[in-house]
Amino acid sequence: MTTATHLQTVINHWTDLQTALAVPQADTWPPVMGIARLHDHLQADEHAWAERTLDRANMDQIGATTAPLRITILDTMTRIDHRLVNAADHIAAHIQRPAKTGVVRSAGPGDDIALQLKTLILRDQHDERRWSLTDPRRRTAPFAAAWLLARHDGAPGPFTPLTPLHRDAIAAAARWAADQIHQALEMVRRTQVLEQPCPHCRGILRIEGGDGQPPTVKCRGCGRKWTSTDAA
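Note that this is a predicted model, so its numbers are computed, not measured.

Caption draft 1: How the structure looks around the nonpolar core. Ranked by internal contacts, the top residues of the largest apolar core, which has 30 residues, are Val10, Leu17, Ile80, Leu84, Trp147 and Leu148. Mapped onto this core, the elements with two or more residues apiece are helix H1 (3-20), helix H4 (73-95), helix H6 (141-152) and helix H7 (164-184). Not counting residues up to four positions away in its chain, the partners in contact with Leu84 are Val10, Ala141, Ala144, Ala145, Leu148, Ala173, Ala174 and Ala177. Within the second largest apolar cluster, 7 residues are counted, among which are Leu194, Ile207, Val217 and Trp226.

Caption draft 2: The arrangement of the packing of aromatic side chains in detail. Using the criterion set out here, one finds 3 aromatic pairs in the structure. Site record: aromatic cluster; members linked through ring pairs are Trp131, Phe143, Trp147 and Phe159. For the cation-ring pair, Arg151 lies above Trp147, with the distance from its terminal atom to the ring centre recorded as 5.2 Å.

Caption draft 3: Just the packing of H1 against H7, in detail. Viewed as axis vectors pointing N to C, H1 and H7 meet at an angle of 40°, and their least axial separation amounts to 8 Å. With respect to the hand of their crossing, H1 and H7 are arranged in left-handed fashion. Here Thr3, His6, Leu7, Thr9, Val10, His13 and Leu17 of H1 come into contact with H7, specifically with Ile170, Ala171, Ala174, Arg175, Ala177, Ala178, Ile181, His182 and Ala184. Of the residues assigned to the contact of H1 with H7, the class counts are 10 nonpolar, 5 polar and 1 charged.

Caption draft 4: Spotlight on the sheet that holds strand E4 (residues 225-227). Strand order in the open sheet formed by 4 strands is E1-E2-E3-E4, and the pairing between neighbours is antiparallel. Every other strand in the sheet has two partners, leaving strand E1 (190-193) and E4 as the edge strands with one partner each. Taken over all neighbouring pairs, the strand axes of this sheet differ in orientation by 20° on average, direction set aside. Across 3 bridges, the pairing between strand E3 (residues 216-219) and E4 is antiparallel.

Caption draft 5: Molecular detail of the layout of surface pockets. Quantified by volume, the second largest pocket comes out at close to 160 Å³. Taken together, Gln125, His126, Asp127, Glu128, Arg130, Trp131, Ser132, Asp135 and Arg138 make up the lining of the second largest pocket. Across the lining of the second largest pocket, the residue classes tally to 1 nonpolar, 3 polar and 5 charged.

Caption draft 6: Highlighting the packing of H4 against H7. Taken N-terminus to C-terminus, the directions of H4 and H7 make an angle of 170°; their axes are 10 Å apart at the nearest point. In terms of orientation, H4 and H7 fall into the roughly antiparallel class. Contacts from Ile73, Thr76, Arg79, Ile80, Arg83, Leu84, Ala87, Ile91, His94 and Ile95 of H4 reach H7 at His166, Ile170, Ala172, Ala173, Ala174, Trp176, Ala177, Gln180, Ile181 and Ala184.

Caption draft 7: Representation of unusual backbone geometry in the model. In this structure, Arg202 is a non-glycine residue whose phi angle is positive, near 65°. Here Arg202 is to be found in the loop between E1 and strand E2 (205-209). Of the residues examined, Arg202 reaches a relative accessible area of 46% and is grouped as partly exposed.

Caption draft 8: Main features of the pairing of E3. For E2 and E3, the ladder comprises 4 bridges, and the chain directions are antiparallel. Bridge pairing links Glu208 to Thr216 in E3.

Caption draft 9: Seen up close, H6. Counted at 1.5 Å a residue, the expected span for H6 with its 12 residues is 16 Å, and the 16 Å between its end C-alpha atoms agrees. Buried positions along H6 lie against H1, H4 and H7. The first or second residue beyond H6 is Gly154, which carries a positive phi of 75°.

Caption draft 10: Main features of the pattern of salt bridges. Scanning the entire structure with this criterion turns up 6 salt bridges. Arg138 is paired through a salt bridge with Asp135; the nearest N and O atoms lie 3.6 Å apart. One network of salt bridges, with partners in common, ties together Glu128, Asp135, Arg137 and Arg138.

What counts as what
- Residues numbered from 1 in each chain as written.
- Predicted model: local features only at pLDDT ≥ 70, side-chain atom pairs only at ≥ 80, totals over all residues.
- Heavy atoms only, no water.
- Core = buried A, V, L, I, M, F, W, Y, C linked by side-chain atoms within 4.5 Å.
- Buried < 20%, exposed > 50% of the residue type's maximum accessible area, 1.4 Å probe, protein only.
- Helix = DSSP H or I, 4+ residues; strand = E, 2+ residues; numbered from the N terminus.
- Contact = heavy atoms within 4.5 Å.
- Phe/Tyr/Trp six-rings, centres within 6.5 Å; stacked < 30°, edge-to-face > 60°.
- Lys NZ or Arg CZ within 6 Å of the ring centre and 35° of its normal.
- Axes fitted to C-alpha atoms, helices over the stretch in contact; angles between N-to-C directions.
- Left-handed = near helix turned anticlockwise from the far one by under 90°.
- Nonpolar A, V, L, I, M, F, W, Y, C, P; charged D, E, K, R; others polar.
- Pairing = 2+ DSSP bridges.
- 1 Å grid on protein atoms, 1.4 Å probe; cavity = no way out; pocket = protein on both sides within 12 Å on 5 of 7 lines; lining within 4 Å.
- Points joined across faces, edges and corners; volume = space filled by probe spheres on them.
- Parallel < 35°, antiparallel > 145°, perpendicular 65-115°, else oblique.
- Expected span 1.5 Å × (residues − 1).
- Salt bridge = Lys/Arg side-chain N within 4 Å of Asp/Glu carboxyl O.

Written as structure tokens, this is what we have:
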């Protein structure tokens, strides 16, 4: 993925992070799958054995620990804010031209040249393309991502061109921020080995989930699969 794509990820998915703050998260990882009920789907000749095995097993092994599946969404957003705003501060300090200043003396009423000069100075001072070091409404991750993307793409404004070092700094911050967002929104599917063995072949069970899709338990030995839908 490109730097532009990473920055666009921040812009596109920031509201998704805000929405995720209000969405209840799973209390445990791995999620409780209700595997005991899933064994009703096993063949009759193995059913009794499977039930005895599960009765002796500590079912709290599945879904017993505090969920590390997501870093707290709010903490993730705070870190992304900090990283991208700092990146924008750094780039702006090197490429953003200082705003024009000075007192324009007027020859008197009707001095159109003086009026035009004053207007140009005011426009330059309040140019919306400038990165702000003081406005809290603009010093946020999505605004910083949009500003960095414009600089990356060479959009016009009161700036000098980016150097290769500047581009590398933007790329590193953008890549990190996009990765944080992917993880926070569970776009990356996670896997974990369970201590509980397969009730059929005693093979290794792996649980997969964390990408917004229903979690699935798979046996690496016999290939059996259980889903949360099966357990419902």
